[in-house]
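Chain residues, written in single-letter form:
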Amino acid sequence: MPDFGSKAYWDERYKTGGANMFDWYMDYDGLKPSLRDVLNGQPGRTILIVGCGNSPVGETLYDEGYQNVTSIDNSQACISLMKTRSLTTRPGLKYHVMDAANMFTLTREEFDLVLDKALLDSTLCGKEPRGIFTKICSEVARVLKPGGTFISFSYAPPEERDDFFRDSAHLWKMSVFTITKPSLQDIVEHIVEDFAPKPYDPEANIDPESVHFIYRFEKAPREV
Ligand SMILES: C[S@@+](CC[C@H](N)C(=O)[O-])C[C@H]1O[C@@H](n2cnc3c(N)ncnc32)[C@H](O)[C@@H]1O
């Protein structure tokens, strides 16, 4: 298996095949229903994408009118590529080479929404996974506005993630949802999939291979 937990792996991947845009797990159509109530059609929403890779999600959000999107990745090769792509067509998009576990140049309480798709999963393939996972969650909590939302898209069911999220649990109210993975037949036949997130029911015995998991956290609102 490739070393998804290593920075060298990602750098090499973006240097050699980076121009081919790639979305882990799902594209924007898959994410959109899960973001709807947070974005609420309000173009001023501030959005941070952590571990953006060369996914076009930030670009699509921008094209849909959400022009306050910041994307970070710790791969220089990745960010150079994404900056070049947007230079003339989407000049307002912000890209930074940055470690999600240390987002020192982002001020606290800056974002309404922080989005993770497959970054936290990839860190669990690396060395010292628990430490990095927890640091990323605590940095996300720092940069989120009170009442803001963190959404993490993952392949892994709660029994493989609860323990990791628990360390940051005092900061959030957590809920878990699933969305069904489109079947190959659906893709081939261009059947419009239903990506509406469904509350996760631990009693339902769902096959974890048939769904993606969405971990959603609401940061506590500011106390008055
Ligand atoms: C599995 S890819 C996901 C890319 C994209 N989010 C998507 O859904 O297609 C993981 C990405 O996280 C980046 N990454 C890994 N560790 C990171 C860290 N500590 N800080 C910032 N980015 C990181 C990698 O360079 C890679 O681009």
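In what follows, the accompanying structure is described. (Residues numbered from 1 in each chain as written. Predicted model: local features only at pLDDT ≥ 70, side-chain atom pairs only at ≥ 80, totals over all residues. Heavy atoms only, no water.)

### What to know about the sheet that holds strand β8 (residues 211–219)
Strand pairing within a sheet occurs via backbone hydrogen bonds; the two strands may be parallel or antiparallel. If you trace the 8 strands from one edge of the open sheet to the other, you get β3-β2-β1-β4-β5-β8-β6-β7, paired in mixed fashion. Each edge of the sheet is formed by a strand with only one pairing partner; in this case those strands are β3 (94–97) and β7 (198–199). Where strand β5 (residues 144–154) lies against β8, 6 bridges are found, and the strand directions are antiparallel. Note on β8: the bridge partner recorded for T149 is E218. (Pairing = 2+ DSSP bridges. Helix = DSSP H or I, 4+ residues; strand = E, 2+ residues; numbered from the N terminus.)

### So, the packing of aromatic side chains
Applying the stated criterion across every chain yields a total of 16 aromatic pairs. Look at W172 and F217: their rings are 5.0 Å apart centre to centre, the planes differ by 50°, and that puts the pair in the tilted class. Pair noted here: W172 is in strand β6 (residues 172–180) and F217 is in strand β8, with a separation of 45 residues, a long-range link. Cluster of aromatic residues (ring-pair linked, three or more members): F133, F150, F164, F165, W172, Y215 and F217. Against the face of F22 rests R13, its NZ or CZ located 5.4 Å from the ring centre. (Phe/Tyr/Trp six-rings, centres within 6.5 Å; stacked < 30°, edge-to-face > 60°. Lys NZ or Arg CZ within 6 Å of the ring centre and 35° of its normal.)

### A closer look at the pairing of strand β1 (residues 47–50)
Alternating residues of β1 divide into I47 and I49 and L48 and V50, and every residue in both groups is buried. Of the pairings in the sheet, the one linking β1 to strand β2 (residues 69–73) comprises 4 bridges and is parallel in character. When the sheet's bridge partners are listed, I49 is paired in β2 with S71. The β-α-β motif built from β1, the intervening helix α3 (residues 57–63) and the parallel element β2 has right-handed crossover chirality. Sheet analysis places β1 next to strand β4 (residues 111–117), joined by 4 bridges and oriented parallel. Across the sheet, residue L48 finds its bridge partner in β4, namely V114. (Buried < 20%, exposed > 50% of the residue type's maximum accessible area, 1.4 Å probe, protein only. Right-handed = clockwise from strand over helix to strand, strands pointing away.)

### Topic: the nonpolar core
L35, I47, I49, L61, L115 and I151 are the most contacted members of the largest nonpolar core, which has 32 residues in total. For this core, the secondary-structure elements that each account for two or more residues are α1 (7–17), α2 (28–39), β1, α3, α4 (76–86), β4, β5 and β6. Broken down by element, this core gets its largest block of residues, 5 residues, from α2. The contact partners of L115, leaving out residues within four places of it in the chain, are L31, L35, L48, I49, V50, V57, I151 and F153. In this structure, V114, V140, A141 and V211 belong to the second largest nonpolar core, which totals 29 residues. (Core = buried A, V, L, I, M, F, W, Y, C linked by side-chain atoms within 4.5 Å. Contact = heavy atoms within 4.5 Å.)

### Some details on the site of the ligand
Near the ligand you find 19 residues, and of these Y14, G51, D73, A100 and K117 are the closest. In the environment of the ligand, an oxygen atom lies 2.5 Å from a nitrogen or oxygen atom belonging to the side chain of Y14. Between D99 and the ligand, the recorded distance is 2.9 Å, taken from a side-chain N or O atom to a nitrogen atom. Notes on the ligand: free accessible area 600 Å², of which the protein chains cover 94%. According to the grid-proximity analysis, the pocket containing the ligand is the largest pocket. Contributions of two or more residues to the shell around the ligand are made by α1 and α5 (119–123). (Near = heavy atom within 4 Å. Polar contact = N/O pair within 3.5 Å; in protein donor to acceptor, adjacent residues only side chain to side chain. Areas by Shrake-Rupley, 256 points an atom, 1.4 Å probe, with all protein chains shown as cover. 1 Å grid on protein atoms, 1.4 Å probe; cavity = no way out; pocket = protein on both sides within 12 Å on 5 of 7 lines; lining within 4 Å. Sits in = over half its atoms within 2 Å of the grid points.)

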